[in-house]
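Letter by letter, the chains look like this.
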Amino acid sequence: MSTWKKFNGSKEQVSEMMSAKDGFKWRDINGKESNIVRGSSAYALMLLYHKTDDANLVHEYMLCNLHPHAEMIIEWARTGREVYFFDSYNQKWVESPNPLWRTDAKYSFNPDGE
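Now for a look at the structure at hand. (Residues numbered from 1 in each chain as written. Predicted model: local features only at pLDDT ≥ 70, side-chain atom pairs only at ≥ 80, totals over all residues. Heavy atoms only, no water.)

1. Let's talk about unusual backbone geometry
- Of note in the backbone geometry, glutamine 91 takes a positive phi value of approximately 55 degrees without being a glycine.
- Positionally, glutamine 91 belongs in the loop between β4 (84-87) and β5 (92-95).
- Accessibility expressed as a relative area gives 54% for glutamine 91, which makes it exposed.
- Of note in this structure, tryptophan 101 is not a glycine but carries a positive phi near 55 degrees.
- Note that tryptophan 101 resides in the loop between β5 and β6 (107-108).
- What makes tryptophan 101 buried here is its relative accessible area of 10%. (Helix = DSSP H or I, 4+ residues; strand = E, 2+ residues; numbered from the N terminus. Buried < 20%, exposed > 50% of the residue type's maximum accessible area, 1.4 Å probe, protein only.)

This is the structure we're talking about:
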């Protein structure tokens, strides 16, 4: 689960942000959030933080952890396609009108799981 961390501009924090596989977000003291950013943007934040020494610009950051079914969830939300999950108890694919999107479940847009 992603959590907000106080940003102090340290090299360790910037390294963590730059290497975040799924990117990161930041917010100011008023709670205004950025979009998801990646890589070198963390270095720019560090320079900005140290140049102005203004904690109001970058107050907190959060590393993003992409949900394993993220692409499928987006497709489902955009199209309303039928979603099927694999019922391991009955060993078959079952339609799921309101998927729970469990990280340990298998989902498909096809009734045969292909």
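Moving on from the model shown.
2. Some details on the environment of valine 14
- Tracing the sequence through the fold places valine 14 in helix α1 (residues 11-18).
- Of the residues examined, valine 14 reaches a relative accessible area of 4% and is grouped as buried.
- Sequence-wise, valine 14 and glycine 39 are 25 residues apart; in three dimensions their C-alpha atoms are separated by 9.3 Å.

3. Overview of the sheet that holds β4
- Within the open sheet, the 3 strands sit side by side as β5-β4-β6. Their pairing is antiparallel. At either margin of the open sheet sits one strand with a lone partner, and together these are β5 and β6.
- In this structure, β4 lies alongside β5, joined through 4 bridges in antiparallel fashion. Its bridge partner being in β5, phenylalanine 85 is matched across the sheet by valine 94. (Pairing = 2+ DSSP bridges.)

4. A short note on the side chain of histidine 69
- Structurally, histidine 69 can be placed in the loop between β3 (60-63) and α3 (70-79).
- Relative accessible area serves as the criterion here: at 13%, histidine 69 is assigned to the buried category.
- Sequence-distant contacts of histidine 69, that is, excluding residues within four places in its chain, are made with Trp101, Arg102, Thr103, Ala105 and Tyr107. (Contact = heavy atoms within 4.5 Å.)

Don't take any of this as a statement about function, it's just geometry.
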